[in-house]
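# Summary of structural features
Residues per chain are reported as follows:
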Amino acid sequence: MDRAIKFYENVLDISLSLNKMGPLDMAWFPSVENSNGSGGSLVFHPDFYKPSADGTMLYLTSPSGNIDTEIQRVESNRGKVVIPRKLIAEGFGYMAVFLDSEGNQVALHCRDSKMI
């Protein structure tokens, strides 16, 4: 869990809040302004969750608004870029896919076409 928290904090340039609930650990992503709850969670339980690149793909919004900013940090933080930034379709923005430090497949999305 510590490695996964560090990965997402470094790649997305955010701070996660670790909350231990018995055998369940949750690291909460920052809340969206004026919302009730977190912006998402990393969850670890030794008996119930296994990292996977073959399950549901989670899409996250690029915090910087420029996918390249986050993607350039993936490999230096023990992840792997699977699909570099690419246009989804005009008007829908851009996406990229990576494996996180635990082997989960995750996608990033942004509407802007800004490039580094």
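Residues numbered from 1 in each chain as written. Predicted model: local features only at pLDDT ≥ 70, side-chain atom pairs only at ≥ 80, totals over all residues. Heavy atoms only, no water.

Within the protein, the secondary structure is distributed over 2 helices and 7 strands. Taken against the 2.2 N^0.38 rule, which gives 13 Å for 116 residues, the C-alpha radius of gyration of the protein at 14 Å falls within 12% of a compact globule. Taken along the three principal axes of its C-alpha coordinates, the protein extends 45 × 35 × 25 Å. Across the protein, every contact between residues at least 6 apart in sequence was considered, and the portion connecting residues at least 24 apart equals 44%. Put simply, the protein shows about 7300 Å² of open surface, and 51% of that area lies on carbon and sulfur atoms. (Helix = DSSP H or I, 4+ residues; strand = E, 2+ residues; numbered from the N terminus. Rg over C-alpha atoms; globule rule 2.2 N^0.38 Å. Contact = heavy atoms within 4.5 Å. Areas by Shrake-Rupley, 256 points an atom, 1.4 Å probe, with all protein chains shown as cover.)

If a strand is regular, its side chains alternate between the two faces of the sheet. When strand S1 (residues 17–21) meets strand S2 (residues 24–28), the two strands line up antiparallel, connected through 5 bridges. Looking across to S2, one finds that Ser17 is bridged to Trp28. Counting the residues in the hairpin turn of S1 and S2 gives 2 residues, including Gly22, whose phi is positive at 65°. (Pairing = 2+ DSSP bridges.)

Attention shifts here to the sheet that holds strand S5 (residues 80–89). Spatially, S4-S7-S6-S5 is the arrangement adopted by the 4 strands of the open sheet, whose pairing is mixed. Across the chains shown, the open sheet's two edge strands, defined by having one partner strand only, are strand S4 (58–61) and S5. Between one strand axis and the next, the sheet turns by 25° as a mean value, whatever way the strands run. Of the strand pairs in this sheet, strand S6 (residues 93–99) and strand S7 (residues 105–110) are connected by 6 bridges, and their pairing is antiparallel. Bridging across to S7, Phe98 finds its partner in Val106. Docked against the sheet, helix H1 (residues 2–12) engages S4, S6 and S7, running at close to 150° with respect to S6. (Axes fitted to C-alpha atoms, helices over the stretch in contact; angles between N-to-C directions.)

Such coordinate-based values are descriptive only and should not be taken to indicate function.
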